[in-house]
Structures are given as structure tokens and as C-alpha cells.
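# Descriptive structure summary
Each chain is listed here by its residues.
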Amino acid sequence: MADKVFVTGAGIISALGIGKEATLEALLNGESGIGKIPHIQTEHEEFPVGEVALSNAEMSRMLNVGYPIDGLRTVLMGIIAAKEAVESAGLTEKELRKAAFISGTTVGGMDKTERHFKTVFDSNVETDDSLELKYNDCGYSTELIADNIGKFNLITTTSTACSSAANAIIFGANLIKAGVTDIAVVGGSEALTKFHLNGFNTLMILDKKNCRPFDKERMGINLGEGAAYIILESENSVKARGASILGELRGYANTCDAFHQTATSKNGEGAYLAMRKAMDMAHLCPQDIDYINAHGTGTPNNDETELAAMQRIWDYELPKFSSTKAFTGHTTSASGSIEAVICLLALQHGFLPKNLGWHNPMKEDAIPVIDDVDNSNVKNIINNSFGFGGNDSTLIFSKFIKENG
Amino acid sequence: MANRCYINSLAQVSCQKPLSDEWFDSPCLYLEDYVRAQEPDTKDLIMPSESRRMSKILKRTVSTAITALKNSEIKHPDAIITGTGMGCMENSEKFLIDLSRFGENCLKPTLFMQSTHNTISSLIAIILKCHGYNNTYSHKGISFESSLLDAWIQMKNGMIRNALVGAHDEVSPFMDLVLERTHPEYSFVSEASVSAVLTNNMSSNNICEVVEVKLFHRPDVKELTNLLDKNIDNVLLLGINGNTLNDRPYENLLKALSYKPHTLQYKNIFGENFSASALGFYVGAKILEKQMIPTFLSWHNENVYTGNLEYVTILNHSDNITWSMIRLKRV
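Residues numbered from 1 in each chain as written. Chains lettered and ligands numbered in written order. Predicted model: local features only at pLDDT ≥ 70, side-chain atom pairs only at ≥ 80, totals over all residues. Heavy atoms only, no water.

## Here's the deal with the overall build of chain B
A tally of regular secondary structure across chain B gives 11 helices and 10 strands. In summary, chain B has a C-alpha radius of gyration of 19 Å against a globular reference of 20 Å for 331 residues, a match within 12%. Seen along its three principal axes, the alpha-carbon backbone of chain B occupies a region of about 65 × 45 × 35 Å. Nonlocal contacts in chain B, meaning residues at least 24 apart in sequence, comprise 78% of its contacts between residues at least 6 apart. Within the structure as shown, chain B displays about 11,900 Å² of accessible surface, and the carbon and sulfur contribution to it stands at 49%. (Helix = DSSP H or I, 4+ residues; strand = E, 2+ residues; numbered from the N terminus. Rg over C-alpha atoms; globule rule 2.2 N^0.38 Å. Contact = heavy atoms within 4.5 Å. Areas by Shrake-Rupley, 256 points an atom, 1.4 Å probe, with all protein chains shown as cover.)

Given below as C-alpha cells:
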């Protein structure tokens, strides 16, 4: 069983911009990508969101793709992010032929479906609009992204709501450890849709102001969208290719809160177990963790229970922590990989992303990162992703330090 | 990868008699192009107060999961892993209908809460109070095999000792009409809910062993023929459905083989949907358990199979883009 899994490439698109450089700049400058809704057609303009600035037409032109991809935002963003990841790792066509592609999404082609659904439903499926519903399922979007990146040996799709991308990363790592593949392109993509904007609104967990994770006065989520992929690679493959290492995926865990479909248990059992088990796998103790990139959605429920879970482990000596959702919005299924890329940037460039919008502590001693601090020796980062149904996953990224000789 | 992976118990809900093996001796035969699943009797499995709030797919899932666990030696599986092509589609459909009829201001939260794909896997965890690994795969016709592969590699590597693995898909009358247009390769459409308890523990109650699980993306015929061994893969259980668009890739594979295996089908009695291959897995396991091949499963064979029933190899493709191979072995 291969022991180590390294990260050798990364790509990202979100409300912060296209690519790692734009993302890094926005994070360092504290510039949020959240604003008014320009793209999706909705009556609910009162909710700020983190949309990718480019329209479908602009992304299609940029990628030189046509029907049906031009109408599938999850796919368009996915291709942009996966391309950057594959190029930054320097993977060749031949290497991709043997690689796995695991993508997380829940929305899939729902944006296309919701545009055509009424016509199809009212016409009893006689209309050609019904053909557009073919792209609704999650697997289709993964296939279309894969086809635009490389040949791949194995592809599949995880769908666990807001932890989908984290679970794609975990499955990819397990495939490498089991020797099924040496290289896995893993992550997720999710477009904002009228469907889930309205869905979250029925649950009354959207904030009409910019979201304020871990603030006493927090009121809920700002939804976002985007895609991010990272390249996971076995030690043998890294050596054989002479690839440069961005970090090590040193530990991970997937657990279930097993409490409620959309609420979290009071003591954050699932979150607690996910962080604990991931540290066990990484052979790290709580004191070794330098920073937590929290799930931190900004809902009263999530932040309270995530903090409770953290305090069960660290008591009153919490590591530095922040939620980057006030930068990107909650990018739902893509959030696990978008925030993984943010963590890798933090490891590489020695900074910790700030928790924008924060003013008042929920509890004493629970103050997230709000100022610039010297963090050049950050070594181990926890990245949390929690989904509906209590699907909780934790990833631990560690700085790779070349051994002497 | 020293550990083994056995199927300890199985349960199904489909257009055949639910939670039963009656189909093996006397299958229900349908002339229609589309038949819904026969609903299971849930009164001993789900509390009525809970059952009332569940959609069809959730009731079927809980029924197969609880039944499979009851018949197994495992009460709290280390992992719950689910495949579903469309997820809780009927709730998504209702939410979309409300959205298009009544606009964006009087929608029901329950429909949204129970519309995601992972509602299924997490509901089982909530009922069983299982805090272990919980994952959901949604990748067209290989959603089930993706879940199985996840469980299989974790079990082989000693990361888990056992798992509840399944696949569940519902097809509403409206979705059936849509599938007719969007999936011309389909024929007889029905619904599927299958739960399997897998264990690394050798026991006389095990049904069979899962010795190989492989997924392929756009494989060459050669890649697939190289997989198959004439000494092992004598009995092939194929995702044949009687529609040339679907069946041709299987025929091409058989033509390219250097030997002539005995070929079986299952979609003729269970129908087609994104989770159909889970029923193939179920059928393959039952053949090995009962050491008998029902005649109605035979496809294009000149003779009745008289060889050893040591292995059943299940081959499935989704749009001829993704392929899967599962090799089951008698215990």
C-alpha cells in the first residue's frame, strides 16, 4: 500500500477570479468576490452571491467550445479549473491516459434543466427541449469536463452536497493508496442555480448582507460558485516525473454526523470525528495543527457546532482559524476543492486568509484570523467541508520539506 | 491488499416481488415499456410516523438497507456507500414544477431538503446512528460500481471491515417520457433499489466473494478482452437490454474474445435505469449462491451451461463511455 499522497498541481475559478494568481491576489488584498447577482435569472436579487464574473458565452469563447457545453456552467468552470491544474502539474497526454478523474457536484446540469423544464413539462415532452434534460445528471458534467482535459483511465462523480469535492479528493487518495492509479485529478465544480438559491432560501439560511462567519451576529450564507481541481500523485510517480510538490495530503477522514438532513448536532459529533480521524491518519496531534480553514458557512447552526467540535479538541487554545466563505461565497459542492487550493496557496506563500466581515466574537477566545500575521512557518492545515445529511469531511495538507540528501 | 471482500447479504426492490427471491423461480413478466417498482411492505421496517414523510425512493432504500442488515451479521456498518444516477429525482421534479408554476416565493423546504443525491445515504446513517464513512456516487449507469469500488478498495486495504453498499434510482412517469427522448439506447424501463452488506469476515453465511472490481473510461475493446480469462470468466452476465444501440458494444466485445463464454442477461426481467447494474450484481450473487442459472437469463447460448459455477463476471457499460467489470466467486 502506497503511503504518501502528494499534491503536484492546482487550478481554480471562483468569484475571486480565474486561476491561482488572481485568487492569491484577492486573498492577500482582502478583496471579497461577493456582490449583486449578474448572471442567474431570479427574483431574489436581495441576496448577495459570489458569482464567477464571466458569462457562459465568454467562457465558451475562451475555451472554444460549443453546444451543449456552452449552456452548462458547471462544465465550463470545471474545464477552466481542471486545465490549470493539469498544466501546472505538467502532465502529458500519456500520463493522463492512465490517470483517474474524480469530480464532485450536486447541481450538475440543473442550470440547463431549469431553463427548459417548464416547456418540457407543459408540452408532455413532445418538444426538443426535453433533449436538454439529458445533461441534468451529475455524471454527464464530469464526462464533459474529462473529455476536454484528457483521456483518463477511470472517471466518476461524488455527490454529497457541500462536501462533494472533499470526498472526490478522499476517493482519489484511496485509489492511489490502493495502487489503482498513480495520478488522480480530483476536485469539484458547481454553478449557481435558481434551483438551489431558492432551496436554501426555503430553509431561511441566506443572508441579505455579506456573510459573517463566526460572528456573533451572523445571519446565514451567501451562495457562490466555482470549480477547483488538484493533482494527487503517488511518491513513485512524483519521483519518476520529477514533479514539484505543492504539499502533502497527509491525512483525511469522512464521517457522518447522523443527526439530521440539514441541521448539525449540538456538539458537532461528525465534525469532531472527521478532524480527529484525519489527525490520526496524519500521525499529528492537535498541537501540530497551525491553521484550520473552517467550513464556516455563516449560518448560526454550522458555525456554532463547528466551533463546539473544535473546542472539544483544542479547548480554549484553538489554532488560528478562518472561513474564506466571505471571500468566495459558499461554493457548495466545489467548496472542498476551492478551499483546498486556498490552503495550498497559504502553505506555499506563508499567509493565512482572513475571515472577512467578522466583528464580534461568538465566544471568548474564539477569534478568527482578521489581521495580517507572519505565518511563514505554517506546516499543517486542516480543511473542513461539511454537507447536508451530515456528510462531514476533513483534509489535512502539510508543507513538504525536502529531506537532506 | 491482503483482505477479502464477501457479500454477506442482499436485498432488492424492483419490478419483481420486493425483498424476495421469488423472481428466481417465477419472475413477473411485463409487456409494457415502463413499469414502476413493486412497493415493499414497510410496516415492520419503518415507523409509520417516519414513513409518511419519506418519498418512494427513501422508503425503498430504507427497506432494502434494513432487510439486508437484518439478514446479516452486521448491525453497524463501518461504511455506508450509495450509488444513484438521479438521486431523489421525484422531489427535485416536484420542486421544479412548483418553481415553474408558482414562482420563487412559496416553495416547500422539505422537497429541497430531500432532493439531493446524498439524502439517501445519510438517511440510512441517521436511522442506524452510524458515524462512519458515508459517501454517494452519481455517475450515470456506473454509480453502483463506483460505490462498490470505493468499499472494495477500503476493505482490501483494511481501512474498513464491512460496508453497506447499494444503488437506488426512481423513475417517475414524467422522467420515463424524458428518458425515452434522452436515452434512445434504453428499452424496458423500471426502478431499482439494492442494498448489499459486504464483510471481510469469512463466514458460512456469506453468499459469495467479490474478487475484482474495475472501472474503465472509454476503453479499447482490447483492454476489455485482456481482462477476461477463459479459465475463469466462463459465465458473463451482461447489461444487454434488447436494444441494438445498447447491445452492440457487448456484441463487439464477445466477437473479439478468443473463447466463447456462456452469456446471461438480467435487464429483460428487471428493466433499465441508472442503478440497473446493482440488480446485475444481485443476480450474479444469487446464481452463485443457488448454484443454478434460471433459463430466462440465458442470452444467445446454443446449449445449457453445464460447467462449474465458480465465477460470475458482470460486465456493464454506460453509453459505451464508462465500463465496469465485477468478478464474483463462489464460497
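## Observations concerning the pattern of salt bridges
For the structure on display, the rule yields 33 salt bridges over all chains. The shortest N-O distance in the salt bridge between Asp128 of chain A and Arg181 of chain B comes to 2.6 Å. Within this pair, whereas Asp128 of chain A is found in the loop between α5 (110-122) and α6 (138-147), its partner Arg181 of chain B is found in helix α7 (residues 173-182), the two belonging to separate chains. Its relative accessible area of 28% is what places Arg181 of chain B among the partly exposed residues. (Salt bridge = Lys/Arg side-chain N within 4 Å of Asp/Glu carboxyl O. Buried < 20%, exposed > 50% of the residue type's maximum accessible area, 1.4 Å probe, protein only.)

## Section: the domain arrangement of chain A
By convention, interface size is frequently given as the accessible area that disappears when the constituent parts associate. Residues and elements named next belong to chain A. The domain boundaries assigned to chain A delineate domain 1 (5-241) and domain 2 (252-398). Between the C-alpha centres of domain 1 and domain 2 there is a distance of 21 Å. Contacts between domain 1 and domain 2 engage 64 residues on the former and 57 residues on the latter. With both chains or domains summed, domain 1 and domain 2 bury close to 4,500 Å², and 70% of this area falls on carbon and sulfur atoms. Where domain 1 meets domain 2, there are 1 salt bridge. The partner of Arg218 in a salt bridge is Asp303, and the shortest N-O contact between them spans 3.7 Å. For the interface between domain 1 and domain 2, the tally reads 27 residue pairs in polar contact (both at pLDDT 80 or more). Of all the secondary structure elements, the ones that give two or more residues to the side of domain 1 that touches domain 2 are β1 (5-14), α1 (19-29), α7 (164-177), β5 (183-190), α8 (194-202) and β6 (226-234). Take the side of domain 1 that touches domain 2: its biggest share by element is 9 residues, from α7. Classifying every residue of the side of domain 1 that touches domain 2 gives 31 nonpolar, 23 polar and 10 charged. (Domains from an automatic or database assignment. Buried area = accessible area lost by both parts, 1.4 Å probe. Polar contact = N/O pair within 3.5 Å; in protein donor to acceptor, adjacent residues only side chain to side chain. Nonpolar A, V, L, I, M, F, W, Y, C, P; charged D, E, K, R; others polar.)

## A short note on the interface of chain A and chain B
Contact with chain A, which involves 75 residues of that partner, is made by 62 residues of chain B. Roughly 5,800 Å² is buried in total at the junction of chain A and chain B, and carbon and sulfur atoms are behind 61% of that figure. Looking only at chain A, the three residues that lose the most surface to chain B are Phe117, Phe195 and Gln261 of chain A, adding up to 11% of its buried area. As a salt-bridge pair, Lys140 of chain B and Glu143 of chain A come within 2.7 Å of each other at their nearest N and O atoms. Between chain A and chain B we count 33 residue pairs in polar contact (both at pLDDT 80 or more) in total. Among the secondary structure elements, those contributing two or more residues to the side of chain A that touches chain B are α5, α6, β4 (154-158), α7, α8, β7 (247-256) and α10 (269-282) of chain A.

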